[in-house]
Amino acid sequence: MSENNAYYTGLRLSCQKKFRIKTLYFLNNIDFDSDRNFKVEKSMKILIASAFAQITFGLKKDKLKVFKLINITPAPYSYSHSDLIFNGDTNFATKTINLCWPVVKAGFEVSDNALNLAIHEFGHAIILEDSRKNLRYRRALNVKAFSRWKHFALIKLEKIRAKKNVVLRDYGGTNIMELFSVCLEAFFENSHQFHEKETNLYNSIVELLKQDLRNKQSPLL
């Protein structure tokens with residue numbers, strides 16, 4: 001993480017220790033799989049786990065409850081019933097998060113372009129788990145805080161679709177779940193511009209995640 005995760009390296013030492021513990025706890029509660037001819041190194045697992053720790057650093061959630069398997073592919077992939085090519089997806093039917101390693105790696109190598117596949121797909125996983133009916137576990141995201149985020153997110157969704165978007169990727173206009181993950185990418189990698197251009201939306205994520213990325217050394221509230 002010291003070499004590849006800018007979020008981690010920006011933290012003060014006391015926060016780094018807490019972050020390492022959170023990352024290791026997640027690693028101990030998730031399984032990894034890959035193609036037969038592709039070896040998933042421990043360093044890959046740690047870097048991917050650190051993305052989950054980033055999102056949940058200010059939250060009590062330390063592991064996923066439904067998605068217990070992360071499948072790592074050496075290249076973009078497709079499903080037999082579709083011609084679409086994927087770099088990653090969060091598959092509720094198989095309870096699996098699929099990630100293309102070169103794209104994951106690139107997401108950490110360039111830390112200021114608001115493109116991070118691991119953060120994006122973990123965002124989907126958290127939303128999907130929280131949206132389940134008859135939850136038998138604590139939601140990751142506070143319901144009131146999420147409702148506040150959704151209020152501003154719906155306004156942003158309309159801006160993107162009306163081609164009046166000045167920050168965040170246009171892909172966020174696909175639907176509210178994609179917008180959540182796109183917001184997370186910008187929140188962690190382009191926080192100052194995000195706050196400047198969409199202050200209410202940014203502040204709602206601060207409330208939701210209980211951290212403010214404009215203070216990189218000690219982001220927790």
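Residues numbered from 1 in each chain as written. Predicted model: local features only at pLDDT ≥ 70, side-chain atom pairs only at ≥ 80, totals over all residues. Heavy atoms only, no water.

**Q** So what's going on with the environment of Asn175? Which residues, and what values?
**A** Note that Asn175 resides in the loop between helix 6 (143–161) and helix 7 (176–189). C-alpha separation for the pair Asn175 and Leu157, spaced 18 residues apart in sequence, amounts to 7.6 Å. A polar contact is formed between the side chain of Asn175 and the backbone nitrogen of Met177, at a distance of 3.1 Å. (Helix = DSSP H or I, 4+ residues; strand = E, 2+ residues; numbered from the N terminus. Polar contact = N/O pair within 3.5 Å; in protein donor to acceptor, adjacent residues only side chain to side chain.)

**Q** Help me get a handle on the packing of helix 7 against helix 9 (residues 199–209), residues and values and all.
**A** Two packed helices can be described by the angle between their axes and the distance between those axes. Two elements in contact, helix 7 and helix 9, have axes separated by 11 Å at closest approach and are oriented at 90°. Here helix 7 lies roughly perpendicular to helix 9, going by the angle between them. For the pair helix 7 and helix 9, the contacting residues are Phe180, Cys183, Leu184, Phe187 and Phe188 in the first and Leu201, Tyr202, Ile205, Val206, Leu208 and Leu209 in the second. In terms of residue class, the contact of helix 7 with helix 9 is built from 11 nonpolar, no polar and no charged. (Axes fitted to C-alpha atoms, helices over the stretch in contact; angles between N-to-C directions. Parallel < 35°, antiparallel > 145°, perpendicular 65-115°, else oblique. Contact = heavy atoms within 4.5 Å. Nonpolar A, V, L, I, M, F, W, Y, C, P; charged D, E, K, R; others polar.)

**Q** An account of the side chain of Asn98 is needed here, citing residue identities and associated values.
**A** As for its position among the elements, Asn98 is in strand 4 (residues 96–100). A distance of 3.3 Å separates the side chain of Asn98 from the side chain of Asn71, its partner in a polar contact. Looking at Asn98, its side chain comes within polar contact range of the side chain of Tyr79, at 3.2 Å. Residue contacts for Asn98: discarding those within four places in its chain leaves Asn71, Tyr77, Tyr79, Asn87, Gly88, Asp89, Asn91 and Glu121.

**Q** Go over the nonpolar core, please, and point to the residues and values.
**A** The biggest cluster of nonpolar side chains holds 67 residues, and the ones touching the most others in it are Ile70 and Phe122. Every residue in contact with Ile70, bar those within four places of it in the chain, is listed here: Phe26, Ile30, Asp31, Phe32, Asp33, Ile48, Ile97, Leu99 and Phe122. (Core = buried A, V, L, I, M, F, W, Y, C linked by side-chain atoms within 4.5 Å. Buried < 20%, exposed > 50% of the residue type's maximum accessible area, 1.4 Å probe, protein only.)

**Q** Tell me about the sheet that holds strand 2 (residues 69–73), residues and numbers included.
**A** Read from one edge of the open sheet, 4 strands run 1-2-4-3, paired in mixed fashion. What marks the edges here is a single partner per strand, and that holds for strand 1 (31–34) and strand 3 (88–91). This sheet shows a mean twist of 20° between the axes of neighbouring strands, independent of strand direction. For strand 3 and strand 4, the ladder comprises 4 bridges, and the chain directions are antiparallel. If you follow Gly88 over to strand 4, its bridge partner there is Leu99. In the packing of helix 4 (residues 101–109) onto the sheet, the strands contacted are strand 2 and strand 4, and the crossing angle to strand 4 comes to about 75°. (Pairing = 2+ DSSP bridges.)

**Q** Describe in detail the pattern of salt bridges, supporting the description with residues and values.
**A** This structure, assessed with the given rule, holds 8 salt bridges. Put simply, Lys159 and Glu198 hold a salt bridge, and the shortest N to O gap is 3.2 Å. Of this pair, Lys159 sits in helix 6 while Glu198 sits in the loop between helix 8 (191–197) and helix 9, and the two are 39 residues apart along the sequence. The class for Lys159 is partly exposed, based on a relative accessible area of 32%. The shortest N-O distance in the salt bridge between Arg169 and Glu185 comes to 2.6 Å. With Arg169 in the loop between helix 6 and helix 7 and Glu185 in helix 7, the pair connects residues that are 16 residues apart, well separated along the chain. The exposure class assigned to Arg169 is partly exposed, which follows from its relative accessible area of 28%. Taken together, the shared-partner salt bridges connect Lys156, Lys159 and Glu198 into one network. (Salt bridge = Lys/Arg side-chain N within 4 Å of Asp/Glu carboxyl O.)

**Q** So what's going on with the pairing of strand 4? Which residues, and what values?
**A** Burial analysis of strand 4 places 5 of its 5 residues in the buried class, which makes it a mostly covered element. Side chains Thr96, Asn98 and Cys100 project from strand 4 onto one buried face, and the interleaved Ile97 and Leu99 project onto a second face that is buried too. Where strand 2 lies against strand 4, 5 bridges are found, and the strand directions are parallel. Within strand 4, the position partnered with Ile70 by the bridge is Ile97. In sequence, strand 3 turns back onto strand 4 through a hairpin of 4 residues, with Lys95 there showing a positive phi of about 60°.

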